[in-house]
Number of protein chains: 2
Amino acid sequence: MRLGIPESDSPDVRRLDLFSGMDDAHFSALMRGAYVQNFPPQIELITEGEPSDFLHVILSGSVDLFSVWNGRETSMATARPVSTFILAASIKSAPYLMSARTLEKSRIALIPSQDVRNIFDVDNFFARAIVAELAQCYRSVVKTKKELKLRTSQERLANYLLRLQARVGAGSQFDLEFEKRRLASYLGMTPENLSRAFRGLQAYGVTVQGNRVNISDQQDLERFAKPNPLIDDPDS
Amino acid sequence: MRLGIPESDSPDVRRLDLFSGMDDAHFSALMRGAYVQNFPPQIELITEGEPSDFLHVILSGSVDLFSVWNGRETSMATARPVSTFILAASIKSAPYLMSARTLEKSRIALIPSQDVRNIFDVDNFFARAIVAELAQCYRSVVKTKKELKLRTSQERLANYLLRLQARVGAGSQFDLEFEKRRLASYLGMTPENLSRAFRGLQAYGVTVQGNRVNISDQQDLERFAKPNPLIDDPDS
DNA sequence: AACTCCTCTTGACATTTATCAACTGATATA
DNA sequence: TATATCAGTTGATAAATGTCAAGAGGAGTT
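Only a predicted model underlies this, so the values are computations on that prediction, with no experimental measurement involved. The numbers attached to residues start from 1 for each chain and follow its sequence in the written order. Whichever chain is written first becomes A and whichever ligand is written first becomes 1, with later ones labelled in order. Under the rules for a predicted model, residues below a pLDDT of 70 receive no local features and side-chain atom pairs below 80 are neither given nor counted, while totals for whole chains, interfaces and linings still include all residues. Neither water nor hydrogens contribute to the side-chain values; these are computed over all heavy atoms in the structure.

Here's the deal with the overall build of chain A
Inference 1: Put simply, DSSP H or I for four residues or longer makes a helix, DSSP E for two residues or longer makes a strand, and each gets a number counted from the N terminus. Along its length, chain A carries 11 helices and 12 strands.
Inference 2: With C-alpha atoms as the basis for the radius of gyration, the globule rule is written as 2.2 Å multiplied by the number of residues raised to the power 0.38. The C-alpha radius of gyration computed for chain A amounts to 19 Å, which stays within 12% of the reference 18 Å derived for 236 residues, consistent with globular compactness.
Inference 3: Seen through its C-alpha atoms, chain A measures out along the principal axes to roughly 55 × 35 × 30 Å.
Inference 4: Surface summary for chain A: the accessible area is close to 10200 Å², and the carbon and sulfur share equals 48%.
Inference 5: In summary, the charge assignment counts Lys and Arg as positive and Asp and Glu as negative, without counting His or the chain termini. By convention, the point assigned to a charge is CZ for Arg, NZ for Lys, CD for Glu and CG for Asp. Taking the average location of the 29 positive side-chain charges in chain A and that of its 29 negative ones, the two points are 5 Å from each other. Working definition of accessibility: Shrake-Rupley area with a 1.4 Å probe, residue cover restricted to the visible protein chains.

Set out below in structure tokens:
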């Protein structure tokens with residue numbers, strides 16, 4: 001761990017929507033108080049309920065945001081480069097609502113929440129960017145909550161596959177982005193049920209071998225999945 | 001409908017966290033472009049997917065925020081006085097993700113989204129308040145999503161009752177705030193299942209007659225419900 | 001009182017989802 | 001080569017939840 005973000009990482013952070021419009025001096029001030037650290041896989045970065053002292057920026061690797069209650073655990077979201085997470089908790093100085101653990105070797109910048117709040121007060125571009133980011137996060141959770149309440153597990157899987165396909169810009173073949181047990185948890189079902197959901201989607205031309213997904217009849221799958229921009233579009 | 005918010009309503013709006021800290025001139029500017037309107041019950045104020053031209057402030061009555069997909073409908077949240085709704089869509093100029101309908105006779109202020117964005121740029125207090133409000137909304141959805149994924153329907157009902165009891169500051173007896181069919185939808189279950197969940201909670205000292213709820217053994221219910229601040233506390 | 005409308009409840013049943021245990025297949029390792 | 005490990009799958013079964021149809025109980029109306 002070292003104080004101040006090294007030259008090599010700074011441009012990656014700067015490029016984020018959250019930081020791209022702000023004043024140079026303000027950005028430098030933010031970076032001066034920040035750390036960058038490399039973490040091995042499966043490290044718990046954040047535990048829900050703890051005070052939120054840092055805004056996290058993931059530079060490489062990936063991070064699972066998950067929650068626990070009464071001995072049960074569920075995956076809430078995945079953070080990937082280059083983006084921030086737990087912005088809301090940082091801004092409010094409120095305890096984290098979700099825990100975070102690295103899924104793979106990851107490089108992460110930690111910016112003191114107090115610095116974020118200070119710069120927020122003096123930089124209108126930054127303030128606007130924070131608002132945009134928060135609004136984006138909010139709408140993203142609303143969409144996943146809608147999906148949970150309105151779709152069966154098989155429908156969630158079908159639409160997830162279509163979203164993944166669109167995101168990686170793939171044709172009929174692409175790879176799952178992480179292990180199936182986590183995908184199951186993310187989609188709100190058990191691993192056993194995910195297997196059965198995949199098998200059920202064979203009727204609509206979906207096959208899986210290991211991590212490889214093949215969609216043989218796009219139209220047919222879409223007819224079943226009924227994707228909707230107000231749930232499935234990442235923006236909008 | 002009339003242009004400009006009347007004297008009688010203005011203080012109610014001003015009192016909101018979102019507006020309480022801002023400059024007088026800026027507040028007046030916001031109010032000048034705003035409407036106030038009275039709506040009868042069961043009026044659809046907003047339809048999801050439409051462009052978000054106004055920030056809504058509910059002055060009296062109550063509003064149901066709900067969503068639809070593939071012929072299914074679910075209640076996502078209830079807006080009550082005095083608070084705003086669909087702030088995120090207004091800020092982003094993005095389409096509404098949820099529809100809104102009045103549950104009862106309601107008085108609602110409509111502030112043009114463009115005005116909100118303009119004042120945001122020149123009033124730092126207002127900007128900070130918007131960020132705080134958005135962060136609050138975000139955390140609120142995260143909590144309800146956690147509850148959906150981690151709790152069974154009976155557990156959700158038990159914890160909902162405890163939250164309602166705390167909110168209305170009641171002892172062992174209090175009234176449900178709206179009809180059971182909507183409560184069921186809000187909690188993510190069918191009306192039939194809500195009935196059975198209530199019956200199941202009799203084992204923990206909960207009885208219902210009409211809208212009247214009686215909790216005869218607080219400890220026992222809490223032992224079953226296992227409320228958790230990171231899901232059930234409205235603030236934090 | 002009789003009727004209507006409505007929400008809520010109940011019972012029977014179907015579907016969905018979870019649980020548990022066993023098994024498969026791939027990978028790594030000794 | 002044998003073995004251990006682990007994610008994933010499968011089957012049997014259980015539990016949770018949804019669906020459908022019928023009935024109970026209120027509130028208002030005629």
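That shown, we press on.
Points about the packing of helix 7 (residues 153–167) of chain B against helix 10 (residues 218–225) of chain B
The packing of two helices is summarised by the inter-axis angle and the distance between the axes.
All names here are of chain B.
Inference 1: Running from amino to carboxyl end, helix 7 crosses helix 10 at an angle of 130 degrees, the nearest separation of the two axes being 9 Å. Compared by their axis directions, helix 7 and helix 10 come out oblique. Seen from above, helix 7 lies across helix 10 with left-handed handedness. On helix 10, the residues touching Q154, E155, A158, N159, L162 and Q165 of helix 7 are Q218, L221, E222, F224 and A225.
Inference 2: Three residue categories are used. Nonpolar comprises Ala, Val, Leu, Ile, Met, Phe, Trp, Tyr, Cys and Pro, charged comprises Asp, Glu, Lys and Arg, and polar comprises the others, including Gly. Each residue belonging to the contact of helix 7 with helix 10 can be placed in one class, and the counts come to five nonpolar, four polar and two charged. Axis definition: a line fit to C-alpha positions, over the contact stretch in the case of helices; interaxial angles, taken between N-to-C directions, run 0 to 180 degrees. An angle below 35 degrees is read as roughly parallel, one above 145 as roughly antiparallel, one from 65 to 115 as roughly perpendicular, and any other as oblique. Less than a right angle of anticlockwise turn of the near helix away from the far helix marks a crossing as left-handed, whereas a clockwise turn marks it as right-handed. By definition in these notes, contact holds between two residues if any of their heavy atoms fall within 4.5 Å.

Quick look at the relation of the copies chain A and chain B
Inference 1: Least-squares fitting of one copy onto the other uses the C-alpha atoms of those residues that reach a pLDDT of at least 70 in both copies. Between chain A and chain B, the superposition needs a rotation of 180 degrees and an axial shift of 0.0 Å, giving an RMSD of 0.1 Å. Both copies of the chain, as the preceding transformation shows, are related through a two-fold rotation axis. Across chain A, the rotation axis passes nearest the C-alpha of Y138 of chain A, at a separation of 2.3 Å.
Inference 2: In this assembly the copies share their binding face: 100% of the residues contributing to the interface of chain A also contribute to that of chain B.

Concerning the interface of chain A and chain B
Inference 1: Of the residues lining the interface, 56 residues belong to chain A; the matching set on chain B comes to 56 residues.
Inference 2: Buried area is a sum: the accessible area each of two parts loses on coming together, probed at 1.4 Å, counted once for each and added. Counting the surface lost from both chain A and chain B, the interface buries some 5100 Å², and carbon and sulfur atoms represent 68% of this.
Inference 3: Interface area lost by chain A to chain B is led by W69, L97 and L150 of chain A, which between them contribute 16%.
Inference 4: A side-chain nitrogen of Lys or Arg and a carboxyl oxygen of Asp or Glu constitute a salt bridge if their distance falls within 4 Å. Between the two partners, chain A and chain B, sit six salt bridges.
Inference 5: A salt bridge links K146 of chain B to E48 of chain A, with the nearest nitrogen and oxygen atoms 3.8 Å apart.
Inference 6: For the side of chain A that touches chain B, the elements supplying multiple residues, two or more each, are strand 5 (63–69), strand 6 (72–79), helix 4 (87–92), helix 5 (113–122), helix 6 (124–150), helix 7 (153–167), helix 8 (180–187) and helix 11 (229–232) of chain A.
Inference 7: With 20 residues, helix 6 of chain A is the single largest residue contributor to the side of chain A that touches chain B.
Inference 8: Within the side of chain A that touches chain B, the residues separate by chemical class into 28 nonpolar, 14 polar and 14 charged.

Topic: the pairing of strand 5 of chain A
Residues and elements named next belong to chain A.
Inference 1: Burial of strand 5 is extensive: six of the seven residues sit out of reach of the surface.
Inference 2: Here strand 5 runs beside strand 6; their pairing, made up of seven bridges, is antiparallel. Bridge pairing links L65 to A77 in strand 6.
Inference 3: Hairpin remark: strand 5 followed by strand 6, antiparallel, with two residues in the connecting loop; positive phi at N70, about 50 degrees.
Inference 4: Each pair of strands is called paired provided DSSP finds at least two bridges between the two strands. Where strand 5 lies against strand 8 (residues 99–102), four bridges are found, and the strand directions are antiparallel. Paired with D64 across the two strands is R101, which belongs to strand 8. Whether a residue is buried, partly exposed or exposed follows from its accessible area with a 1.4 Å probe, protein chains only, as a fraction of its type maximum: under 20%, in between, or over 50%, in that order.

A closer look at the domain arrangement of chain A
Residue and element names in this part refer to chain A.
Inference 1: By domain assignment, chain A separates into domain 1 (2–148) and domain 2 (151–232).
Inference 2: An automatic or database domain assignment provides the domain bounds reported here. A C-alpha centroid distance of 28 Å is found between domain 1 and domain 2.
Inference 3: Each partner contributes to the interface: domain 1 provides 16 residues, whereas domain 2 provides 14 residues.
Inference 4: Looking at the side of domain 1 facing domain 2, the largest losses of area belong to S75, R80 and E147, adding up to 44% of the total buried there.
Inference 5: Our count for the contact surface shared by domain 1 and domain 2 stands at four salt bridges.
Inference 6: Any pair of N or O atoms that falls within 3.5 Å is considered a polar contact. Within protein, one atom must be able to donate a hydrogen and the other to accept it, and sequence-neighbouring residues count only if both atoms are side-chain atoms. Across the domain 1-domain 2 interface, the total number found is seven residue pairs in polar contact (both at pLDDT 80 or more).
Inference 7: Among the elements of the structure, strand 6 and helix 6 are those that each provide at least two residues to the side of domain 1 that touches domain 2.
Inference 8: Per-element tally for the side of domain 1 that touches domain 2: the top contributor is strand 6, with six residues.
Inference 9: Counted by class, the side of domain 1 that touches domain 2 contains four nonpolar, five polar and seven charged residues.

What to know about the protein's contact with DNA strand D
Inference 1: Nearness is judged by heavy atoms alone; a residue qualifies as near a molecule or strand once a single heavy atom is within 4 Å of it. Around DNA strand D sit 15 residues, and of these K180, S195 and R196 of chain A together with S153 and N193 of chain B come closest.
Inference 2: Within the backbone of R181 of chain A, a nitrogen or oxygen atom sits 3.1 Å from a phosphate oxygen of DNA strand D.
Inference 3: A distance of 3.5 Å separates a phosphate oxygen of DNA strand D from a polar side-chain atom of R199 of chain A.
Inference 4: Counting only elements with at least two residues in the surface near DNA strand D, the list comes to helix 8 and helix 9 (191–201) of chain A together with helix 9 (191–201) of chain B.

Quick notes on unusual backbone geometry
All names here are of chain B.
Inference 1: Despite not being glycine, I86 shows a phi value in the positive range, around 55 degrees.
Inference 2: Relative to the helices and strands, I86 resides in the loop between strand 7 (83–85) and helix 4 (87–92).
Inference 3: With a phi angle near 50 degrees, K226 is a residue other than glycine that sits in the positive phi range.
Inference 4: Within the secondary structure layout, K226 lies in the loop between helix 10 and helix 11 (229–232).
Inference 5: Note on K226: relative accessible area 38%, which makes it partly exposed.

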